[in-house]
Amino acid sequence: MAAVWLSGLSAFALLAGIAWYLAPLQPNILALQLAFSPRAFAEVIHAWSAADLLRYRAHLPYDYLLLACYGSFGYLLVSRSTLFAAQPAALRNFAMWLLPLAAACDATENAFHWWLTEVPRFDIAWVYGVSAACAAGKWLLLLGFWLAVLYALDRRKD
């Protein structure tokens, strides 16, 4: 259980730190994450100052640490805690992989954003769509995990 707590608390601390660090960015990073076109991406980037863009790029290595922590947390919470023990195996297996898959989507999105924010690449439109699809997938998987946790909490026998 120590690994569950360590990964969960590390994820929470990193999330809080990154949120605080990126709070000054307007539009916020969700607008960048869900920019499905070069135009939408450019609107966000061009609204930021050069310092804002550097701030965004500087957070990416820490975001990789965050996704490693939350991916591990999801896997460990389902596989090692008693929360999902009474749930059907299909639900346990499904829930166990939701956060690791979200982390994989997040890592892919980060790689694209690192590349796309380095220099303008507005002539490669499909990359923006794939990047935003990875971000949307990440958010859907995160939501799915928390719904699975709420379901397991509701069904838990006390």
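Residues numbered from 1 in each chain as written. Predicted model: local features only at pLDDT ≥ 70, side-chain atom pairs only at ≥ 80, totals over all residues. Heavy atoms only, no water.

Break down the nonpolar core for me, citing the residues and quoting the values.
Core analysis: the largest hydrophobic core is formed by 41 residues, its most contacted members being L32, F41, W48, Y70, L77, F84 and F145. If you list the elements that add at least two residues to this core, you get helix 1 (2–22), helix 3 (38–47), helix 4 (50–80), helix 5 (89–116) and helix 6 (125–155). It is helix 4 that contributes the most residues to this core, 11 residues altogether. (Core = buried A, V, L, I, M, F, W, Y, C linked by side-chain atoms within 4.5 Å. Buried < 20%, exposed > 50% of the residue type's maximum accessible area, 1.4 Å probe, protein only. Helix = DSSP H or I, 4+ residues; strand = E, 2+ residues; numbered from the N terminus.)

So what's going on with the packing of helix 5 against helix 6? Residues and values would help.
Taken N-terminus to C-terminus, the directions of helix 5 and helix 6 make an angle of 155°; their axes are 8 Å apart at the nearest point. In terms of orientation, helix 5 lies roughly antiparallel with respect to helix 6. Between helix 5 and helix 6 lies a crossing of left-handed hand. The class makeup of the residues in the contact of helix 5 with helix 6 is 20 nonpolar, five polar and three charged. (Axes fitted to C-alpha atoms, helices over the stretch in contact; angles between N-to-C directions. Parallel < 35°, antiparallel > 145°, perpendicular 65-115°, else oblique. Left-handed = near helix turned anticlockwise from the far one by under 90°. Nonpolar A, V, L, I, M, F, W, Y, C, P; charged D, E, K, R; others polar.)

So, helix 4: which residues are in play, and what are the values?
Taking 1.5 Å per residue, 31 residues should reach 45 Å; helix 4 reaches 45 Å between its end C-alpha atoms and fits that length. P61 marks where helix 4 bends most, by close to 40°. (Expected span 1.5 Å × (residues − 1). Bend = angle between axes of the 7 residues up to and from the residue.)

So, the layout of surface pockets: which residues are in play, and what are the values?
In this structure, the largest pocket occupies an estimated 660 Å³ of space. Forming the boundary of the largest pocket are 26 residues, of which A11, L15, L66, Y70 and L142 lie nearest the centre. Within the residue set of the lining of the largest pocket, elements represented by two or more residues are helix 1, helix 2 (29–33), helix 4, helix 5 and helix 6. The element contributing the most residues to the lining of the largest pocket is helix 1, with 10 residues. For the lining of the largest pocket, the per-class residue count stands at 20 nonpolar, three polar and three charged. (1 Å grid on protein atoms, 1.4 Å probe; cavity = no way out; pocket = protein on both sides within 12 Å on 5 of 7 lines; lining within 4 Å. Points joined across faces, edges and corners; volume = space filled by probe spheres on them.)

So what's going on with the packing of aromatic side chains? Which residues, and what values?
Tallied over the full model, the rule gives six aromatic pairs. Each ring, one from F122 and one from Y128, has its centre 6.1 Å from the other, and the planes form 25°; the classification is stacked. These aromatic residues form a ring-pair network of at least three members: F41, F122 and Y128. The side chain of R55 reaches across the aromatic face of Y21, ending 4.5 Å from its centre. (Phe/Tyr/Trp six-rings, centres within 6.5 Å; stacked < 30°, edge-to-face > 60°. Lys NZ or Arg CZ within 6 Å of the ring centre and 35° of its normal.)

Could you give an account of the side chain of R57, naming the residues involved and the relevant values?
Following the sequence through the fold, R57 ends up in helix 4. With no salt bridge to any partner, buried R57 finds its closest opposite charge in E118, at an N-O distance of 5.3 Å. Those residues in contact with R57 that sit more than four places away from it in its chain are H113, W114, T117 and E118. (Lys, Arg positive; Asp, Glu negative; His and termini not counted. Salt bridge = Lys/Arg side-chain N within 4 Å of Asp/Glu carboxyl O. Contact = heavy atoms within 4.5 Å.)

I'd like a rundown of a nonpolar patch on the surface, residues and numbers included.
A surface patch of nonpolar side chains, amounting to about 510 Å² of accessible area, comprises L140, L143, L147, L150 and L153. Its location among the elements puts L140 in helix 6. (Patch = residues over 30% accessible without salt bridge, like charges linked within 9 Å, V, L, I, M, F, W, Y side chains within 5 Å. Areas by Shrake-Rupley, 256 points an atom, 1.4 Å probe, with all protein chains shown as cover.)

Break down the packing of helix 4 against helix 5 for me, citing the residues and quoting the values.
In the contact formed by helix 4 and helix 5, the axes pass within 8 Å of each other and the chain directions differ by 170°. With respect to helix 5, the element helix 4 is oriented roughly antiparallel. The class makeup of the residues in the contact of helix 4 with helix 5 is 19 nonpolar, five polar and four charged.

Talk me through the pattern of salt bridges; I want residue IDs and the actual numbers.
Throughout the structure, instances matching the rule amount to four salt bridges. Close ionic contact of K138 with E109 constitutes a salt bridge, the shortest N to O distance being 3.1 Å. Linking K138 in helix 6 with E109 in helix 5, this pair joins segments that are 29 residues apart in sequence. For the pair K138 and E109, a shared accessibility class is recorded, and that class is buried. Between E118 and R121 there is a salt bridge, with its nearest N and O atoms 2.8 Å apart. Classification of R121 as buried rests on a relative accessible area of 14%. One salt-bridge network, in which partners are shared between bridges, spans D106, E109 and K138.

Function-wise, these values are silent; they only describe arrangement.
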